[in-house]
Amino acid sequence: MSRIQLAMAVVCLTTVLSATAQAQQPPTALTKVEGTDNVYIFRYMGHQSMFITTPDGVIATDPISERRPVKPYIDAIQSVSKAPIKYVIYSHSHFDHIAGGKPFKDMGATFIAQANAKARIAALKPDDVVLPDQTVDTQKIIELGGTTLVLDYVGKNHSDNMLVMRLPKEKIIFTVDWIPLQAVQFRGMADTYVPDIEESLKKVIAMDWNILIPGHPGPGGRQTGGRDEATNQLAYLQDLSAAVKKAVGEGKGYDVAEKEIKLPKYESWGGYAAFLPMNIERYFDFWNRGI
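Given the structure is predicted, the values throughout are model-derived calculations rather than measurements.

J.: Describe in detail the pairing of strand 10 (residues 164-167), supporting the description with residues and values.
T.: Burial along strand 10 is two-sided: Val164 and Arg166 facing one way and Met165 and Leu167 facing the other are all buried. By the bridge criterion, 3 bridges tie strand 9 (residues 147-152) to strand 10 in an arrangement that is antiparallel. Residue Val150 lies in a different strand from strand 10, and its bridge partner there is Arg166. Pairing geometry for strand 10 and strand 11 (residues 172-174), over 3 bridges, is antiparallel. In the strand pairing of strand 11, Met165 is matched with Phe174. Counting the residues that bridge the hairpin from strand 10 to strand 11 gives 4 residues, and of these Lys171 lies at a positive phi of roughly 60 degrees.

J.: I'd like to hear about the side chain of Gln48, residue by residue, with values.
T.: Along the chain, Gln48 falls in strand 3 (residues 47-54). We classify Gln48 as buried; its relative accessible area is 0%. For Gln48, the side chain forms a polar contact with the main-chain oxygen of Pro214, separated by 3.0 Å. Within polar-contact distance, the side chain of Gln48 engages the backbone oxygen of Gln223 at 2.9 Å.

J.: I'd like a rundown of unusual backbone geometry, residues and numbers included.
T.: In this structure, the amide linkage connecting Val194 to the following residue, Pro195, adopts the cis form with an omega of 5 degrees. Not every positive phi belongs to a glycine, and Gln182 is a case in point at roughly 50 degrees. Residue Asp191 is not a glycine yet carries a positive backbone phi of 55 degrees. You can see Asp191 is positioned in the loop between strand 11 and helix 6 (196-205).

J.: Please provide a residue-by-residue account of the sheet that holds strand 12 (residues 211-213), values included.
T.: Pairing within the open sheet is mixed, and its 5 strands lie in the order 8-9-10-11-12. Edge strands, defined here as strands with exactly one partner in the open sheet, are strand 8 (139-144) and strand 12. On average, each strand axis in the sheet is tilted by 20 degrees relative to the strand beside it, whichever way the strands run.

J.: Go over the packing of helix 7 (residues 227-249) against helix 9 (residues 272-289) with me, naming the residues and quoting the values.
T.: Taken N-terminus to C-terminus, the directions of helix 7 and helix 9 make an angle of 60 degrees; their axes are 9 Å apart at the nearest point. Judged by the inter-axis angle, helix 7 sits oblique to helix 9. As helix 7 packs across helix 9, the resulting crossing turns out to be right-handed. Contacts between helix 7 and helix 9 involve Tyr236, Leu237, Leu240, Ser241, Val244, Lys245 and Val248 from the first element and Leu276, Asn279, Ile280, Tyr283, Phe284, Trp287 and Asn288 from the second. Its residues placed into classes, the contact of helix 7 with helix 9 shows 10 nonpolar, 3 polar and 1 charged.

J.: Please provide a residue-by-residue account of the environment of Ile291, values included.
T.: Its location among the elements puts Ile291 in the segment after helix 9. Setting aside residues no more than four positions away along its own chain, Ile291 makes contact with Arg282, Asp285 and Phe286.

J.: Mind laying out the sheet that holds strand 6 (residues 110-114), listing which residues take part and the relevant values?
T.: Here 7 strands make up an open sheet; going across it, the order is 1-2-3-4-5-6-7 and the pairing mixed. The open sheet has two edge strands, strand 1 (28-32) and strand 7 (134-136), and neither has a second partner. Neighbour-to-neighbour, the strand axes of this sheet turn through a mean angle of 20 degrees, independent of strand direction. As paired elements, strand 4 (residues 57-61) and strand 5 (residues 85-89) share 4 bridges and run parallel to each other. Looking at the pairing, Thr61 lines up with Ile89 of strand 5. Contacts between helix 2 (residues 71-80) and the sheet are confined to strand 1, strand 2 (39-44), strand 3, strand 4 and strand 5, with strand 3 contributing the most and set at about 30 degrees to the helix.

J.: Kindly report on the environment of Val136, identifying the contributing residues and their values.
T.: Topologically, Val136 is positioned in strand 7. Here the alpha-carbon distance between Val136 and Ala113, two residues 23 residues apart in the chain, equals 6.2 Å. For Val136, the contacting residues outside a window of four places in its chain are Ile112, Ala113, Gln114, Ala115, Leu151 and Leu163.

Cut-offs and rules
- Residues numbered from 1 in each chain as written.
- Predicted model: local features only at pLDDT ≥ 70, side-chain atom pairs only at ≥ 80, totals over all residues.
- Heavy atoms only, no water.
- Buried < 20%, exposed > 50% of the residue type's maximum accessible area, 1.4 Å probe, protein only.
- Helix = DSSP H or I, 4+ residues; strand = E, 2+ residues; numbered from the N terminus.
- Pairing = 2+ DSSP bridges.
- Polar contact = N/O pair within 3.5 Å; in protein donor to acceptor, adjacent residues only side chain to side chain.
- Axes fitted to C-alpha atoms, helices over the stretch in contact; angles between N-to-C directions.
- Parallel < 35°, antiparallel > 145°, perpendicular 65-115°, else oblique.
- Left-handed = near helix turned anticlockwise from the far one by under 90°.
- Contact = heavy atoms within 4.5 Å.
- Nonpolar A, V, L, I, M, F, W, Y, C, P; charged D, E, K, R; others polar.

Set out below in structure tokens:
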């Protein structure tokens, strides 16, 4: 079996196992974040979002419809709060997290995204993505019903428009796709800026928070993580970058680097077998081609 065939077989097996695991749990779930009175996680299949209820309205994040109906998300919100949905905030511009938000718009919600995300959406004009009403350059603070939510742009990482949504009182952050729970980066790190992502991680680590809500559940369906998720992800990327840089410096090609580089410290992480070669290729492009 060739290297490509083997990689495809591993990816297929991983996909089957992931689908099997998802089939063993209901398609949607609503969870109150432990230790809070008004912070919730809504999960739809393998995607999840945070929303916050207040007496004056609800702050929702990513519709996470993945081109599925958004009604289950709205139903989940309304099951715990009858207050109007005031805001919908996009984590970043990727459609699998932000498509399908029109029902929120029809209910009067104001949509917010990082400025580069609005420009990207306006350029591509997807039919099922609501164009943001307001934008964030570097920071925006939302005050609603006694709750403070800080929207921070920390630079390029997984896209050039990712927001870190931070609840200072609750010490919670919600950010999507680039700080996974005990997992390597997804596939070939599409739309990921290297090495900028490492600098963005350092900025997040410097923030005051204890709980991470990511855009996808982790192993065993775990929905939240701690500060170690960010510090461990930074260590992984730094180790990966150093190993690939060494291989490039020794004149090795893609195939040899993907075959020889092993990072055993992370072999228990999600996606290690299937995605490590693809992560290596992304860093190889950076160190070998400057892209």
